[in-house]
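Survey of secondary and tertiary structure
Letter by letter, the chains look like this.
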Amino acid sequence: DKEYTHMRPWGVDLGIVDEAKRIIAKGMSTDIVKAAGGDANKITKEHVVEAAREKDKIAIDIISAAGANLGVRVAYLINIFNPDIVVIGGGVEKAGDIFMDAVKGTVKRFAFEEPASIVKIIPSMLEDSAVVLGAAALAARGNAPLPATGAGRCGATRGFAVAIATTVRSPRRDRAAAAWSFPE
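What counts and how
- Residues numbered from 1 in each chain as written.
- Predicted model: local features only at pLDDT ≥ 70, side-chain atom pairs only at ≥ 80, totals over all residues.
- Heavy atoms only, no water.
- Helix = DSSP H or I, 4+ residues; strand = E, 2+ residues; numbered from the N terminus.
- Contact = heavy atoms within 4.5 Å.
- Polar contact = N/O pair within 3.5 Å; in protein donor to acceptor, adjacent residues only side chain to side chain.
- Buried < 20%, exposed > 50% of the residue type's maximum accessible area, 1.4 Å probe, protein only.
- Arc of directions from axis to C-beta.
- Core = buried A, V, L, I, M, F, W, Y, C linked by side-chain atoms within 4.5 Å.
- Axes fitted to C-alpha atoms, helices over the stretch in contact; angles between N-to-C directions.
- Left-handed = near helix turned anticlockwise from the far one by under 90°.
- Nonpolar A, V, L, I, M, F, W, Y, C, P; charged D, E, K, R; others polar.

Bringing the environment of Gly-90 into the picture now. Inspection of the secondary structure assignment puts Gly-90 in the loop between β1 (85–89) and α5 (97–110). Between the C-alpha atoms of Gly-90 and Leu-126, which are 36 residues apart in sequence, the distance is 8.6 Å.

The topology assignment puts Arg-53 in helix α3 (residues 45–53). Separated by 44 residues in the primary sequence, Arg-53 and Asp-97 have C-alpha atoms spaced 9.5 Å apart. With residues up to four places along the chain from it excluded, the contact list for Arg-53 reads Lys-94, Ala-95, Gly-96 and Ile-98. Polar side-chain contacts of Arg-53 include one of 2.4 Å to the backbone oxygen of Lys-94.

Attention now goes to helix α1 (residues 16–25). Of all the positions in α1, only Ile-16, Val-17, Ala-20, Ile-23 and Ile-24 are classed as buried. For α1, the arc enclosing every buried residue in end-on projection is 130 degrees, short of the 170-degree limit, so these residues lie on one face. The exposed set on the far side of α1, more than 90 degrees from its buried face, consists of Asp-18 and Ala-25. Just past α1, the residue Gly-27 takes up positive phi, approximately 90 degrees.

Another aspect to go through is the nonpolar core. Membership of the largest hydrophobic core comes to 35 residues, with the highest contact counts inside it found for Ile-32, Val-48, Ile-63, Phe-99 and Ile-121. Listing elements by their share of this core, those giving two or more residues are α1, α2 (31–35), α3, α4 (57–81), β1 and α5. Val-48 has contacts with Ile-16, Ala-20, Ile-32, Ile-43, Ala-59, Ile-62 and Ile-63, leaving out every residue within four places of it along the chain.

Where α3 meets α4, the closest approach of the two axes is 7 Å, and the angle between their N-to-C directions is 115 degrees. As for the relative orientation of α3 and α4, their crossing is left-handed in sense. Of α4, the residues touching α3 (which contributes Val-48, Val-49, Ala-51 and Ala-52) are Ala-59, Ile-60, Ile-62 and Ile-63. Broken down by class, the residue content of the contact of α3 with α4 amounts to eight nonpolar, no polar and no charged.

See below:
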């Protein structure tokens, strides 16, 4: 049942490249191949994003599905941590509203109503460096609630990132943030 496939594992870059190659192997025509210089074996996430921005229907569907899948995971994090803001990074956010609207729509569907209405979900301005810089900033400020080892690896590999910031009232700390990276 497709309804319950959102939490299935995905490949590198949210499974975008694998899905594009699978669709192309079926013989479907798409501008993704053109963006890759005519060689389907050289398709990258960036080629799919480029084709989606140029209004290619298949690329839009792939990016939207990836956004929905990430949105489910973000919704679970929102339900657990009740953050003020979620920053999406790693490069796929360059697809703009195609990706971000899918993430936000899925969060609205799966997150609890109150935290979903409060949280701001925004694309990173730091692109692929978002998690590394965020983890370094947290460590430097002494606010890292979790070890930043997994986040630090994202700069050396390709992947995507989710960073969450929330206000926490306690005697020891009144701000907390966490960064998750999902490298290949």
